[in-house]
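Observations on the model geometry
If you want the building blocks of each chain, they are given just below.
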Amino acid sequence: MSQTKAIYASFRSIGAYVPEKILNNADLEKMVDTTDEWIVKRTGISERRIAADDEYTSDMGAKAAKLAIERAEINTDEIDLVLCATVTPDYFNMPSTACVISDKLGIRNVQAFDISAACSGFVYVLSIAKAFIESGMKKNVLIIGAEKFSSIVDYTDRGTCILFGDGAGAAVISATQNKEEAFIDIHASADGAYADFLVTPAPGCINPVSQKVLDEGLNFVQMKGNETFKLAVKTLTKDVKEILAKNEINSDDIPHFIPHQANYRIIKAVGDALKMKEEQVVLTVHKYGNTSAASIPMAINEIWESGRLQTGELMLLDTFGGGLTWASALLPFAGKANNA
Ligand code: UT7
């Protein structure tokens, strides 16, 4: 009697896109009551990218996805599921940005949908891709994290406008029977009791579009910055310690710790608590700010393009965002390295 071999999910490729326009701290000094010194000291951010007026989340997502598909060395028609994580979709409710991106890539007759988990979105779609592949339902899943976050930022609010930027990242997750290539573990969680820490009050059925929404700026992101900061450090540290302990892996054995890029001080506090050395921690926050669901794939792309990410090397992903949501993942990079 023949035995069926187990199917695992593997991380095949990465791609990213950032818009051309740079918004630096000197520009922000002219817009709100802030200084370059304050922003760098409190966040580590020097600049962020801002999409053009006619450049949308789906445009950035499609560009990142095209690269990821090419680098996975598969054809577009081999993709059998498209997932997009975003809180700044092209359209508020429909069509989904995943559908718009599929159309831009010429992917037809394939299941496509968005998920909303704010900055944790990319690790959430990673967990969904894993479930679809390991259940045998799909073989090649295109996952995207893309945000035009500038579309929900109030550029008169110094507490938020200094933090966020635009961009996109994408990956191809494929079925494999080689256990060495398989994802090791993913934790994804949420606690809606903290929903008011990070919220865009409108538009939604509570606050449909109205003059009041516009007058009060309810369409912009609101954040309890300091409370979010403290909870992020605590939750991320606990989550990473748990995933490492559960899988009997030491923090020394992680060549690439890729945390959500929200604030350098959060990354440093979590890295220190986990006894990570500087060279283990991937940093992009200084040049891109917080790009929400795009942050982690943009950071993976950074180490891939610079030749730092080699085939088989372990990545530890760790993220935290509105919802509140958080997630971590342990997985090897199963694609070709960029050693050209
Ligand atoms: O990605 C999803 C998760 N999001 C996050 O992880 C964001 C987490 N939060 C943060 O990154 C930080 O809380 C901020 C960068 C937003 C703020 O830094 P903070 O060290 O927590 O400052 P704070 O909110 O406690 O404010 C300290 C002071 C206040 O002034 P007073 O009341 O002490 O006089 C603020 O009004 O800093 C003031 N302040 C600023 N000053 C200059 C707040 N924003 C600015 C600013 N420039 N941009």
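Bear in mind that the values here come from a model prediction, so they are computed numbers and not experimental data.

Details of the overall build of the protein chain
- Scanning the protein chain for helices and strands turns up 10 helices and 13 strands.
- Compactness check: the protein chain gives a C-alpha radius of gyration of 19 Å against a globular reference of 20 Å for 340 residues, within 12% of the reference.
- Taking the intrachain contacts of the protein chain between residues at least 6 apart in sequence as the baseline, contacts between residues at least 24 apart amount to 77%.
- Only carbon and sulfur atoms are counted for the fraction: they give 51% of the accessible area of the protein chain, which is about 15300 Å².

Some thoughts on the sheet that holds strand β13 (residues 325-332)
- Ordered by their spatial adjacency, 4 strands build an open sheet running β8-β13-β12-β11, and the pairing between neighbours is mixed. Strand pairing shows two members of the sheet lacking a second neighbour, β8 (185-190) and β11 (256-259), which therefore form its edges. When the angles between neighbouring strand axes are averaged without regard to direction, this sheet yields 10°.
- Both strand β12 (residues 314-321) and β13 contribute to a ladder of 8 bridges, which runs antiparallel. Along β13, the bridge assignment pairs phenylalanine 320 with tryptophan 326.

Notes on the pairing of β12
- Across the 8 residues that make up β12, a large majority, 8, are buried.
- Of the two faces of β12, the one carrying Leu314, Leu316, Asp318 and Phe320 and the one carrying Met315, Leu317, Thr319 and Gly321 are both buried.
- Bridge count for β11 against β12 is 4 bridges, and the pairing is parallel. Counterpart to proline 259 in the pairing with β12 is aspartate 318.
- Hairpin connection from β12 to β13: 3 residues lie between these consecutive antiparallel strands, with glycine 323 at a positive phi of about 145°.

A look at the domain arrangement of the protein chain
- For the protein chain, the assigned domains are domain 1 (8-180) and domain 2 (185-332).
- Taking only C-alpha atoms, the centre of domain 1 and the centre of domain 2 are 14 Å apart.
- If you look at where domain 1 meets domain 2, you find 1 salt bridge.
- As a salt-bridge pair, glutamate 305 and arginine 71 come within 2.9 Å of each other at their nearest N and O atoms.
- Here domain 1 is connected to domain 2 by 17 residue pairs in polar contact (both at pLDDT 80 or more).
- Elements represented by at least two residues in the side of domain 1 that touches domain 2 include exactly β1 (8-17), α2 (36-43), β3 (47-50), α5 (121-134), β6 (140-147) and β7 (167-176).

Notes on the pattern of salt bridges
- Evaluated as defined, the whole model comprises 14 salt bridges.
- Arginine 158 serves as the salt-bridge partner of aspartate 33, at 3.7 Å between the closest nitrogen and oxygen. Here the residue aspartate 33 occupies a position in the loop between α1 (25-29) and α2, and arginine 158 occupies one in the loop between β6 and β7, the gap between them amounting to 125 residues.

Observations concerning the site of the ligand
- Looking at the ligand, there are 23 residues lining it, with Thr34, Arg42, Asn226, Asn263 and Asn290 nearest.
- Contacts to the ligand include arginine 42, whose side-chain N or O atom sits 2.6 Å from an oxygen atom.
- Histidine 260 is positioned with one of its side-chain polar atoms (N or O) 3.0 Å from an oxygen atom of the ligand.
- Contact with the protein chains covers 72% of the free accessible surface of the ligand, which is 940 Å².
- For the shell around the ligand, the secondary-structure elements that each account for two or more residues are α2, α7 (225-246) and α8 (264-273).
- Looking at which element gives the most residues to the shell around the ligand, the answer is α7, with 4 residues.
- For the shell around the ligand, the two domains that each supply at least three residues are domain 1 (8-180) and domain 2 (185-332).

Brief notes about the side chain of threonine 34
- Structurally, the position occupied by threonine 34 is in the loop between α1 and α2.
- Residues contacting threonine 34, with those up to four places away along its chain left out, are Leu28, Glu29, Ile39 and Ile162.

Quick word on the side chain of histidine 187
- Topologically, histidine 187 is positioned in strand β8.
- By relative accessible area, histidine 187 is classed as buried at 17%.
- Looking at histidine 187, its side chain comes within polar contact range of the side chain of aspartate 239, at 3.5 Å.
- In this view, histidine 187 contacts Asp239, Glu242, Ile243, Lys246, Trp326, Ala327 and Ser328; residues no more than four positions away in its chain are not counted.

Analysis parameters
- Residues numbered from 1 in each chain as written.
- Predicted model: local features only at pLDDT ≥ 70, side-chain atom pairs only at ≥ 80, totals over all residues.
- Heavy atoms only, no water.
- Helix = DSSP H or I, 4+ residues; strand = E, 2+ residues; numbered from the N terminus.
- Rg over C-alpha atoms; globule rule 2.2 N^0.38 Å.
- Contact = heavy atoms within 4.5 Å.
- Areas by Shrake-Rupley, 256 points an atom, 1.4 Å probe, with all protein chains shown as cover.
- Pairing = 2+ DSSP bridges.
- Axes fitted to C-alpha atoms, helices over the stretch in contact; angles between N-to-C directions.
- Buried < 20%, exposed > 50% of the residue type's maximum accessible area, 1.4 Å probe, protein only.
- Domains from an automatic or database assignment.
- Salt bridge = Lys/Arg side-chain N within 4 Å of Asp/Glu carboxyl O.
- Polar contact = N/O pair within 3.5 Å; in protein donor to acceptor, adjacent residues only side chain to side chain.
- Near = heavy atom within 4 Å.

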